[in-house]
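A structural walkthrough
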Amino acid sequence: MAIVTWKTFTNTALKYPMLKKTSVPKIFSLVSKPQLRRKHLVDGYRYLENLYQHGIEVSDVEKDFSTQDIFIGLKTAIEKKIWMIQAELGSAPEIDE
């Protein structure tokens, strides 16, 4: 796989003006910088964590405990992934917040 630098990408964008009107540069910057990519990944996992928490609360109100157990398992797995990625970033997991 060839490594694409920002300069190479900019030169390509000059050849193809349509690239300037897309979100390709934003995506490119996330892919080219591992730290930013991991932070973006953590944001996505935090969204899922909140979604699962909502599912846990709703299933508790509805007394649907088997569904609640599924959501608890999914949330636990996401928290573990957040913890591992945050460790790679050198940050606290901030799961309890």
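Described below are features of the structure shown in this document. (Residues numbered from 1 in each chain as written. Predicted model: local features only at pLDDT ≥ 70, side-chain atom pairs only at ≥ 80, totals over all residues. Heavy atoms only, no water.)

Notes on the overall build of the protein
Each helix and strand counted, the protein has 4 helices and 0 strands in total. Helices and strands appear in the protein in the N-to-C order α-α-α-α. Summarising the internal contacts of the protein: among those between residues at least 6 apart in sequence, 41% fall at separations of at least 24. A total accessible area of about 7,600 Å² is found for the protein, and carbon and sulfur atoms account for 62% of it. (Helix = DSSP H or I, 4+ residues; strand = E, 2+ residues; numbered from the N terminus. Contact = heavy atoms within 4.5 Å. Areas by Shrake-Rupley, 256 points an atom, 1.4 Å probe, with all protein chains shown as cover.)

Regarding the packing of helix α3 (residues 34-61) against helix α4 (residues 65-89)
It is the contact of α3 with α4, at a shortest axis distance of 9 Å, that shows an interaxial angle of 160°. When the axis of α3 is compared with that of α4, the two are roughly antiparallel. The interaxial crossing formed by α3 with α4 has left-handed handedness. (Axes fitted to C-alpha atoms, helices over the stretch in contact; angles between N-to-C directions. Parallel < 35°, antiparallel > 145°, perpendicular 65-115°, else oblique. Left-handed = near helix turned anticlockwise from the far one by under 90°.)

What to know about the pattern of salt bridges
Two side chains that carry opposite charge are able to pair once their charged atoms sit near each other. Following the criterion strictly, the structure yields 3 salt bridges and no others. As a salt-bridge pair, E49 and R46 come within 3.8 Å of each other at their nearest N and O atoms. One end of the pair is E49 and the other is R46, both in helix α3 and 3 residues apart, which spans about a single turn. A residue is classified by how much of its surface remains accessible, and E49, at 6% relative accessible area, is buried. Its salt-bridge partner being K75, residue E79 comes within 3.6 Å of it at the nearest N-O pair. (Salt bridge = Lys/Arg side-chain N within 4 Å of Asp/Glu carboxyl O. Buried < 20%, exposed > 50% of the residue type's maximum accessible area, 1.4 Å probe, protein only.)

Overview of α3
Taking 1.5 Å of rise per residue, the 28 residues of α3 would be expected to cover 40 Å, and the 41 Å separating its terminal C-alpha atoms lies within 8% of that figure. Among all positions in α3, only V42, Y45, R46, E49, Y52, G55, I56 and S59 are buried. Buried residues along α3 sit against α4. At the exit of α3 stands K63, carrying a positive phi of roughly 60°. (Expected span 1.5 Å × (residues − 1).)

Let's talk about the environment of K39
Relative to the assigned elements, K39 resides in helix α3. Along the primary structure K39 and I82 are separated by 43 residues, whereas in three dimensions their C-alpha atoms are 9.8 Å apart.

Remarks on α4
In this model, α4 (25 residues) spans 36 Å end to end at C-alpha, consistent with the 36 Å of a helix rising 1.5 Å per residue. Buried within α4 are the following residues: Q68, K75, I78, E79, I82, I85, Q86 and L89. For α4, the secondary structure elements touched by its buried residues are α3. A positive phi of about 80° marks G90, the residue just after α4.

Functional significance is not addressed by these values, which are geometric in nature.
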